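Coordinate inspection notes
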Amino acid sequence: MAGITELDELLQSMSPALQDGEYVFCTVAGSCSEYSHLEPLATFHEQEGLTLVLDKDVAKKAKLEFEASFKLITLTVHSSLEAVGLTAAVATKLASKGISANVIAAYYHDHIFVQSKKAEQALAALEEFRQ
């Protein structure tokens, strides 16, 4: 099944869902294989190092440094990776409420990491698209 590409349809049907847990972004030297035992939710290689998105408790136990903690909101609609405007619309909506939006697009869904203390406010803001 192909993902949805029409922005209006995506915004009306995205059903944002706040996930359990709290996540952090850590940067480390080395390769993914060296950190696979931490079961990162996501990784990304940058010139400066490897970014790991980890459960906060896992990062603490591993004594990895991080600057902030985030809650994860999943847009449960199957969005196409070729859809235009969804990330911009979500980021703009959250920015208007003073909430950062750290977006990771996966094959089926878009996932937004928001400041932990603003997660409920972010969820309410995203629900405004469905009204």
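In what follows, the accompanying structure is described. Just so it is clear, the structure is predicted and the values come from calculations on it, not from any experiment.

Attention now goes to the side chain of T74. Relative to the elements of secondary structure, T74 occurs in strand β5 (residues 70-75). Once residues lying within four places of it in the same chain are set aside, the contact partners of T74 are S15, P16, A17, Q19, H109, D110 and H111.

Here the structure, examined in full by the defined rule, presents zero disulfides. In this structure C32 is not part of a disulfide, and its nearest cysteine sulfur, from C26, lies 13 Å away.

Attention now moves to the pattern of salt bridges. Side-chain pairs of opposite charge can arise whenever the charged atoms involved come near each other. The full count for this structure, using the stated rule, is two salt bridges. Two residues, K93 and E128, come together in a salt bridge whose shortest N-O distance is 2.9 Å. You can see K93 sitting in helix α3 (residues 86-95) and its partner E128 sitting in the segment after α4 (119-127), a full 35 residues away along the chain. Judged by its relative accessible area of 31%, E128 falls in the partly exposed class.

Within the largest apolar cluster, 21 residues are counted, with the highest numbers of intra-cluster contacts made by L75, V90, L94, V114 and L126. At the level of secondary structure, the elements contributing two or more residues to this core comprise α1 (7-13), β5, α3, β7 (110-115) and α4. Sorting elements by how many residues they give to this core places α4 first, with five residues.

With that settled, the discussion passes to the environment of S116. Secondary-structure assignment places S116 in the loop between β7 and α4. Sequence separation of S116 and G21 is 95 residues, and the distance between their C-alpha atoms is 9.7 Å. One polar contact links S116 to E22, side chain to side chain, over a distance of 2.6 Å.

Here the phi dihedral of E39 falls at roughly 50°; this positive angle occurs in a residue that is not glycine. The topology assignment puts E39 in the loop between β2 (23-28) and β3 (42-46).

On to the packing of aromatic side chains, then. Applying the stated criterion across every chain yields a total of four aromatic pairs. Aromatic side chains F25 and F113 sit 5.3 Å apart centroid to centroid with 85° between the ring planes, which places their arrangement in the edge-to-face category. Remark: F113 occurs in strand β7 and F25 occurs in strand β2; sequence separation between them is 88 residues. Overall, F25 belongs to the partly exposed group, its relative accessible area being 28%. Owing to a relative accessible area of 2%, F113 belongs among the buried residues under this scheme. Here a set of aromatic residues connected by ring pairs shows up, and it is made of Y23, F25, F70 and F113. Taking the ring centre of F129 as reference, the NZ or CZ of K93 above it sits at 5.1 Å.

Before going further, it helps to examine α3. Every buried residue of α3 is listed here: L86, A89, V90, K93 and L94. Buried residues in α3, looked at end-on, bunch into an arc of 125°, giving them a common side. Along α3, exposed side chains directed more than 90 degrees from the buried face belong to T92 and A95. Residues of α3 that are buried sit in contact with α1, β5, β7 and α4.

This part takes up the environment of S79. With respect to the helices and strands, S79 occurs in the loop between β5 and α3. Along the chain, S79 and V114 lie 35 residues apart, while their C-alpha atoms are 20 Å from each other. With residues near it in sequence (within four places) discarded, S79 still touches G3, I4, L10, L86, Y107, Y108, H109 and D110.

Definitions and limits used
- Residues numbered from 1 in each chain as written.
- Predicted model: local features only at pLDDT ≥ 70, side-chain atom pairs only at ≥ 80, totals over all residues.
- Heavy atoms only, no water.
- Helix = DSSP H or I, 4+ residues; strand = E, 2+ residues; numbered from the N terminus.
- Contact = heavy atoms within 4.5 Å.
- Disulfide = S-S within 2.5 Å.
- Salt bridge = Lys/Arg side-chain N within 4 Å of Asp/Glu carboxyl O.
- Buried < 20%, exposed > 50% of the residue type's maximum accessible area, 1.4 Å probe, protein only.
- Core = buried A, V, L, I, M, F, W, Y, C linked by side-chain atoms within 4.5 Å.
- Polar contact = N/O pair within 3.5 Å; in protein donor to acceptor, adjacent residues only side chain to side chain.
- Phe/Tyr/Trp six-rings, centres within 6.5 Å; stacked < 30°, edge-to-face > 60°.
- Lys NZ or Arg CZ within 6 Å of the ring centre and 35° of its normal.
- Arc of directions from axis to C-beta.

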